[in-house]
Amino acid sequence: MTSEDNSNMKPETESPEIGQSEYGSQEIEERRHKEKALVRRLDCFIMPILMLLNLISYLDRSNIGFAATQGMVEEIHLKDTQLNTAVSIFYIFYILAELPISILVKRLRFDRVIPAITLCWGIVCLSIGFIQSFGPLVVTRLLLGFFEGCLFPSLTLFICNWYKREELGIRIALLFIAIALAGAFGGLIAWAVIHLDGVANMSGWRWLYIIEGLITVVWAGLCVLLIPQNYETAYFLNEEQKALMRKRAEEMDAYSGGSGQYTKKDIKEAAKDVKTWTHGVIQITVVTVLYGFSTFLPIIIKEGFHFSTVQAQYLVIPVNIWGSIVYAIGAFLSDRYAARFLPLVICAPFGIAGYAILLCDVPPGVRYFATYLIAIPCFLCTGGSLTWLSTNCAPDGKRAASIGILLSLTNIGGIISGQIYQSNAGPAFTLGHAWSLGSLSIAWLGWWIIRMIYKRRQASKDKMLGEGIVAPDGEYTDRAPDFRYQI
């Protein structure tokens with residue numbers, strides 16, 4: 001409508017225009033209300049399944065720490081650093097599995113891959129309850145690492161195909177909260193199975209693996225029914241909700257759209273992007289802290305703080321619950337304000353202080369308090385850094401490859417964590433605590449570098465937008481001028 005047209009209009013003719021504006025506003029508000037209800041529904045039917053999968057996965061891999069406090073080392077005659085070798089060797093096949101599954105899982109279908117790998121690692125976990133020596137322990141840990149290595153990339157990319165970019169932070173956070181809760185439930189289950197010691201002439205640690213292996217196998221069967229192929233076949237969505245999901249899919253197309261037929265170009269784009277590798281190197285450091293802390297915490301509490309076996313099992317519970325609460329709050333605020341950098345640099349110094357305390361000669365109560373300080377960044381920094389990269393990658397293929405590269409690098413931290421807490425290093429565990437302190441310090445500095453990279457790129461994008469430069473058709477990536485980074 002031109003200004004001349006406006007000048008000739010009578011005042012009363014403005015009311016239809018106002019009515020249309022109000023109608024449009026009401027339509028937007030109605031869409032927003034329906035979308036919130038849809039996201040809540042996804043949270044009720046999707047996230048609990050994925051959280052339980054990740055919780056069970058982490059229970060099965062970290063049981064070795066609880067089993068070690070219950071006599072496994074002596075019963076299967078582990079010597080010297082064989083326990084540490086068994087912890088570290090898990091991550092060899094874990095690393096090798098992550099990049100290929102990140103590229104292939106969408107093509108192979110999430111609803112097939114996730115139940116299949118869950119069944120496989122459940123069977124392997126159950127079989128650990130019957131091992132008699134170091135050799136079978138190594139074989140089962142390698143297999144466990146391979147199948148569980150396929151899980152986390154599958155869960156992360158599954159979430160990215162159902163949720164919008166601005167909704168991802170808290171949902172990925174829920175996966176890491178499940179890891180924290182696994183530490184809590186692991187302590188509770190480990191404490192309970194002590195009472196099964198001697199049943200059927202088997203030690204309590206064997207029942208720990210058998211029971212959790214059976215739970216995993218059962219849950220794998222249920223996942224066949226509970227995980228939908230896509231939103232079009234989702235049993236929990238009605239036709240109106242599916243139509244809204246189609247609209248959301250169109251809006252997300254540049255970020256998480258696509259057919260799943262990723263190209264070599266997508267992988268090259270991810271591999272030559274400096275932010276992929278910078279995030280990946282930092283992720284090595286924070287995962288070293290996460291896996292070292294969560295796997296060896298029962299041993300640290302027992303041997304380092306001089307508590308009993310039973311006390312070590314239940315004292316890990318509140319520490320992990322505290323870590324999950326901190327992460328939930330941090331992830332909520334990060335999503336709400338689209339702030340990825342601040343939660344990381346604020347929380348890391350608490351962990352640095354915690355490890356500094358553990359390196360000092362202080363009473364056991366003070367050392368135990370330090371574990372709560374460490375739990376503040378332990379889960380939040382690991383998941384927060386992953387979310388930061390995930391929200392800043394486009395399109396779908398590049399994001400999948402970037403996450404695959406990052407997760408492959410990440411679990412180098414798992415190998416390191418298995419070596420820094422040597423079995424004969426107690427009660428001080430100086431190497432483990434000092435290495436973890438240094439790792440958090442490096443991560444803290446690294447996040448400032450990543451922030452600088454995003455700031456410089458965003459300034460360049462703003463300049464291009466001002467000059468009217470747009471991305472060529474069919475070549476939209478996160479380097480496009482109108483793609484805004486979350487910082």
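Values in this document were obtained by computation on a predicted structure and should not be read as measured data. (Residues numbered from 1 in each chain as written. Predicted model: local features only at pLDDT ≥ 70, side-chain atom pairs only at ≥ 80, totals over all residues. Heavy atoms only, no water.)

Peer 1: With reference to specific residues and values, describe the overall build of the chain.
Peer 2: Assigned secondary structure in the chain consists of 20 helices and zero strands. Against the compact-globule benchmark of 23 Å for 487 residues, the chain has a radius of gyration of 25 Å, which places it among compact chains. Structurally, the chain occupies a C-alpha span of about 95 × 45 × 45 Å along its principal axes. The buried share of the chain, taken over its 487 residues, is 55%. Considering only intrachain contacts with a sequence separation of at least 6, the fraction spanning at least 24 residues in the chain is 82%. Computed over 41 positive and 41 negative side-chain charges, the separation of the two mean positions in the chain equals 5 Å. (Helix = DSSP H or I, 4+ residues; strand = E, 2+ residues; numbered from the N terminus. Rg over C-alpha atoms; globule rule 2.2 N^0.38 Å. Buried < 20%, exposed > 50% of the residue type's maximum accessible area, 1.4 Å probe, protein only. Contact = heavy atoms within 4.5 Å. Lys, Arg positive; Asp, Glu negative; His and termini not counted. Charge placed at Lys NZ, Arg CZ, Asp CG, Glu CD.)

Peer 1: Run through helix H5 (residues 82-108), naming residues and quoting values.
Peer 2: Across its 27 residues, H5 extends 37 Å between first and last C-alpha, which sits within 8% of the 39 Å expected from 1.5 Å per residue. At Ile101, H5 shows its largest kink, close to 45°. Phi turns positive one or two residues past the end of H5, at Arg109, with a value near 85°. (Expected span 1.5 Å × (residues − 1). Bend = angle between axes of the 7 residues up to and from the residue.)

Peer 1: Could you give me a rundown of the nonpolar core, with the residues and numbers involved?
Peer 2: Within the largest apolar cluster, 134 residues are counted, with the highest numbers of intra-cluster contacts made by Ile46, Leu50, Leu53, Trp162, Tyr163, Leu237 and Trp447. Considering every element that reaches this core, the biggest residue donor is helix H9 (residues 168-193), with 14 residues. Not counting the four nearest positions on each side in its chain, Ile46 is found in contact with Phe158, Trp162, Tyr163, Pro228 and Phe236. (Core = buried A, V, L, I, M, F, W, Y, C linked by side-chain atoms within 4.5 Å.)

Peer 1: Could you give an account of a nonpolar patch on the surface, with specific residues and numbers?
Peer 2: Residues Ile321, Trp322, Ile325, Ile329, Phe332, Leu333 and Tyr337 make up a contiguous nonpolar surface patch of about 690 Å² in total accessible area. In this fold, Ile321 is placed in helix H15 (residues 309-336). (Patch = residues over 30% accessible without salt bridge, like charges linked within 9 Å, V, L, I, M, F, W, Y side chains within 5 Å. Areas by Shrake-Rupley, 256 points an atom, 1.4 Å probe, with all protein chains shown as cover. Salt bridge = Lys/Arg side-chain N within 4 Å of Asp/Glu carboxyl O.)

Peer 1: With reference to specific residues and values, describe the packing of helix H17 (residues 364-391) against helix H18 (residues 396-410).
Peer 2: A packed helix pair is summarised by two numbers, namely the angle formed by the two axes and the spacing between the axes. Relative to each other, H17 and H18 sit at 155°, their axes nearing to 9 Å. Comparing the axis directions of H17 and H18 gives the class roughly antiparallel. Helix-helix and strand crossings are classified by hand; for H17 and H18 the assignment is right-handed. On H18, the residues touching Leu386, Leu389 and Ser390 of H17 are Arg399, Ser402, Ile403 and Leu406. Here the contact of H17 with H18 is composed, by residue class, of four nonpolar, two polar and one charged. (Axes fitted to C-alpha atoms, helices over the stretch in contact; angles between N-to-C directions. Parallel < 35°, antiparallel > 145°, perpendicular 65-115°, else oblique. Left-handed = near helix turned anticlockwise from the far one by under 90°. Nonpolar A, V, L, I, M, F, W, Y, C, P; charged D, E, K, R; others polar.)

Peer 1: Residue-level account of the packing of aromatic side chains, with values.
Peer 2: Scanning the entire structure with this criterion turns up 24 aromatic pairs. The interplanar angle of 80° and the centroid separation of 6.2 Å between the aromatic rings of Phe45 and Tyr235 together place this pair among those described as edge-to-face. Taken together, the residues span a long stretch of sequence, with Phe45 in helix H2 (residues 14-45) and Tyr235 in the loop between helix H10 (204-226) and helix H11 (239-251) at a distance of 190 residues. Their ring planes at 80° and their centres at 4.8 Å tell us that Phe90 and Tyr91 sit as a pair that is edge-to-face. By the ring-pair criterion, three or more aromatic residues cluster together here, those being Phe341, Trp388, Trp444, Trp448, Tyr454, Phe483 and Tyr485. (Phe/Tyr/Trp six-rings, centres within 6.5 Å; stacked < 30°, edge-to-face > 60°.)

Peer 1: Account for the environment of Thr216, naming residues and giving values.
Peer 2: Within the secondary structure, Thr216 is located in helix H10. Thr216 gets classed as buried once you look at its relative accessible area, which sits at 0%. For the pair Thr216 and Ile123, spaced 93 residues apart in sequence, the C-alpha to C-alpha distance is 8.0 Å. Not counting chain neighbours up to four residues away, the residues in contact with Thr216 comprise Ile56, Asp60, Thr118, Trp121 and Gly122.

Peer 1: Could you give an account of the pattern of salt bridges, with specific residues and numbers?
Peer 2: Summed over the entire model, instances satisfying the criterion amount to 21 salt bridges. Its salt-bridge partner being Asp111, residue Arg109 comes within 2.8 Å of it at the nearest N-O pair. For Asp111, a relative accessible area of 15% corresponds to the buried category. Salt bridges linked by common partners bring Arg31, Glu35, Lys164, Glu167 and Arg248 together as one network.

Peer 1: Quick one: what's the story with unusual backbone geometry, residue by residue and with numbers?
Peer 2: In the segment running from Ala394 into Pro395, the intervening peptide bond is cis, with an omega of 0°. In this structure, the amide linkage connecting Gly426 to the following residue, Pro427, adopts the cis form with an omega of 5°. Its location among the elements puts Pro427 in the loop between helix H19 (412-420) and helix H20 (430-466). Look at Ala200: it is not a glycine, yet its phi comes out positive at around 55°. Judged by relative accessible area, which is 55%, Ala200 ranks as exposed. A positive phi is found at Phe429, a non-glycine position, where the angle reads about 50°. Tracing the sequence through the fold places Phe429 in the loop between H19 and H20.

Peer 1: Pulling in residues and values, what's your account of the environment of Ile170?
Peer 2: Looking at the secondary structure, you find Ile170 in helix H9. Apart from residues no more than four positions distant in its own chain, Ile170 is found in contact with Ala328, Ala331, Phe332 and Asp335.

Peer 1: Account for H20, naming residues and giving values.
Peer 2: Each α-helix winds once per 3.6 residues, and so residues spaced three or four apart point in a common direction. Between its first and last C-alpha, H20 extends 55 Å over 37 residues, near the 54 Å set by a 1.5 Å rise per residue. Remark: Gly468 follows H20 within two positions and exhibits a positive phi of approximately 80°.

Peer 1: An account of the side chain of Ser436 is requested, with residue identities and associated values reported.
Peer 2: In this fold, Ser436 is placed in helix H20. Note on Ser436: relative accessible area 1%, which makes it buried. Leave out the neighbours within four places in its chain, and Ser436 touches Val289, Tyr355, Ile420 and Tyr421.

Peer 1: A description of the state of the cysteines should follow, citing residues and the corresponding values.
Peer 2: Disulfide: a covalent bond formed between the sulfur atoms of two cysteine residues. A full pass over the atoms with the stated rule returns zero disulfides. Cysteine Cys120 shares no disulfide, and the gap to the nearest cysteine sulfur, in Cys150, comes to 9.1 Å. We classify Cys120 as partly exposed; its relative accessible area is 29%. For Cys150, a relative accessible area of 6% gives the class buried. (Disulfide = S-S within 2.5 Å.)

Peer 1: Explain the packing of helix H6 (residues 110-128) against H10 to me, using residue names and the numbers behind them.
Peer 2: Closest axis-to-axis distance for the H6/H10 pair is 7 Å, and the angle between their directions is 165°. With respect to H10, the element H6 is oriented roughly antiparallel. For the crossing formed where H6 meets H10, the hand is left-handed. From H6, Pro115, Thr118, Leu119, Trp121, Gly122, Ile123, Cys125, Leu126 and Ile128 reach across to H10, where they touch Trp205, Tyr209, Ile210, Glu212, Gly213, Leu214, Thr216, Val217, Ala220, Cys223 and Val224.

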